[in-house]
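# Architecture at a glance
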Amino acid sequence: MANLSTKIKMYCNANGVASVDFTKDVMLQDDSDGNGAYIKEWNLDITQPTDAQLSAQESAADTEEANAQVRSTRRTAYGDIGEQLDEIYKDIDAWKARIKSIKDANPKS
């Protein structure tokens, strides 16, 4: 199950809002009562989503979260950009093979 913040980002993106600041645009709160997080404050120019509209974003949000994890894993495996440039300079084919193996081992959804 996707995080509420991810579902909100996907809803906003689908409605023409490219980015959401969760410190001023949308404030979430979790009262630790077992009901989970909810939207405490909505300060965007689009209508606040209903629970059904957020649920409709579940699949896209799950994919986004999975891909974010893949991107993070790939970034770590790629290593420092300076080292990559040195690797490219020394042997671009070896660099291409290494990057391909990282991508193959960590496919996006």
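Read on for an overview of the structure. (Residues numbered from 1 in each chain as written. Predicted model: local features only at pLDDT ≥ 70, side-chain atom pairs only at ≥ 80, totals over all residues. Heavy atoms only, no water.)

### Re the pairing of strand β2 (residues 37–42)
Direction of pairing for strand β1 (residues 26–30) relative to β2: antiparallel, over a ladder of five bridges. If you follow L28 over to β2, its bridge partner there is I39. Taken together, β1 and the strand that follows it, β2, pair antiparallel across an intervening segment of six residues, in which S32 is found at a positive phi of about 55 degrees. (Pairing = 2+ DSSP bridges. Helix = DSSP H or I, 4+ residues; strand = E, 2+ residues; numbered from the N terminus.)

### A word on unusual backbone geometry
If a residue is not glycine, its phi is most likely negative; likewise, a peptide bond is most likely trans. The phi angle at S32 is positive, at roughly 55 degrees, despite the residue not being glycine. Within the secondary structure, S32 sits in the loop between β1 and β2.

### Some details on the packing of helix α3 (residues 58–78) against helix α5 (residues 92–105)
Packing of α3 against α5 brings their axes to within 10 Å, and their N-to-C directions diverge by 155 degrees. Relative to α5, α3 is oriented roughly antiparallel. Seen from above, α3 lies across α5 with right-handed handedness. Between α3 and α5, the residues in contact are R74, A77 and Y78 and R98, I99, I102 and K103, respectively. (Axes fitted to C-alpha atoms, helices over the stretch in contact; angles between N-to-C directions. Parallel < 35°, antiparallel > 145°, perpendicular 65-115°, else oblique. Left-handed = near helix turned anticlockwise from the far one by under 90°. Contact = heavy atoms within 4.5 Å.)

### Thoughts on the environment of N106
Its place among the elements puts N106 in the segment after α5. Spatially, the C-alpha atom of N106 lies 37 Å from that of N43, the residues being 63 residues apart in sequence. Excluding residues that lie within four positions of it along the chain, N106 makes contacts with V70, T73 and R74. A polar atom in the side chain of N106 sits 3.0 Å from the backbone oxygen of I102. (Polar contact = N/O pair within 3.5 Å; in protein donor to acceptor, adjacent residues only side chain to side chain.)

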